[in-house]
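Take a look at the letters that make up each chain.
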Amino acid sequence: MIAYLYGESTPAEMEATEAALAADPVLRGELAELTQAQASLPRVRFNARRRLMDVIRSYAMGPDLQLSV
């Protein structure tokens, strides 16, 4: 549900989560609690160096990256 909450689900995951939520009031309550918890978190701005972000993106795209920052 965390991926769903943050809009990071695939379309298939989103559809499955929404079907589960429609069928289960307990899950809807959990999602409501998670939504409230998310809203209470402070907004943080993250400004990483561009090179670091490039390395992270490259790593996410394949397992063969050798980290050299």
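Going by the structure above, here's the rest.
Residues numbered from 1 in each chain as written. Predicted model: local features only at pLDDT ≥ 70, side-chain atom pairs only at ≥ 80, totals over all residues. Heavy atoms only, no water.

**Comments concerning the overall build of the protein**
The helix and strand inventory of the protein stands at four helices and zero strands. Secondary structure elements of the protein occur, N-terminal to C-terminal, as α-α-α-α. For the protein, the proportion of its 69 residues judged to be buried stands at 12%. The long-range share in the protein, meaning contacts at least 24 apart out of those at least 6 apart in sequence, stands at 36%. Counting only carbon and sulfur atoms, one obtains 58% of the accessible surface of the protein, whose full area is about 6000 Å². (Helix = DSSP H or I, 4+ residues; strand = E, 2+ residues; numbered from the N terminus. Buried < 20%, exposed > 50% of the residue type's maximum accessible area, 1.4 Å probe, protein only. Contact = heavy atoms within 4.5 Å. Areas by Shrake-Rupley, 256 points an atom, 1.4 Å probe, with all protein chains shown as cover.)

**Section: the pattern of salt bridges**
Counting across every chain of the model gives one salt bridge. Across the salt bridge formed by aspartate 54 and arginine 57, the nearest N and O atoms sit 3.3 Å from each other. Of this pair, aspartate 54 and arginine 57 both sit in helix α4 (residues 50-61), three residues apart, roughly one helical turn. (Salt bridge = Lys/Arg side-chain N within 4 Å of Asp/Glu carboxyl O.)

**Here's the deal with the environment of tyrosine 6**
Tracing the backbone shows tyrosine 6 in the loop between α1 (2-5) and α2 (11-23). For the pair formed by tyrosine 6 and threonine 35, sequence separation is 29 residues and the distance between their alpha carbons is 9.5 Å. In this structure tyrosine 6 touches Gln38 and Leu41, once residues within four positions along its chain are discounted.

Bear in mind that shape data such as this cannot, by itself, settle questions of function.
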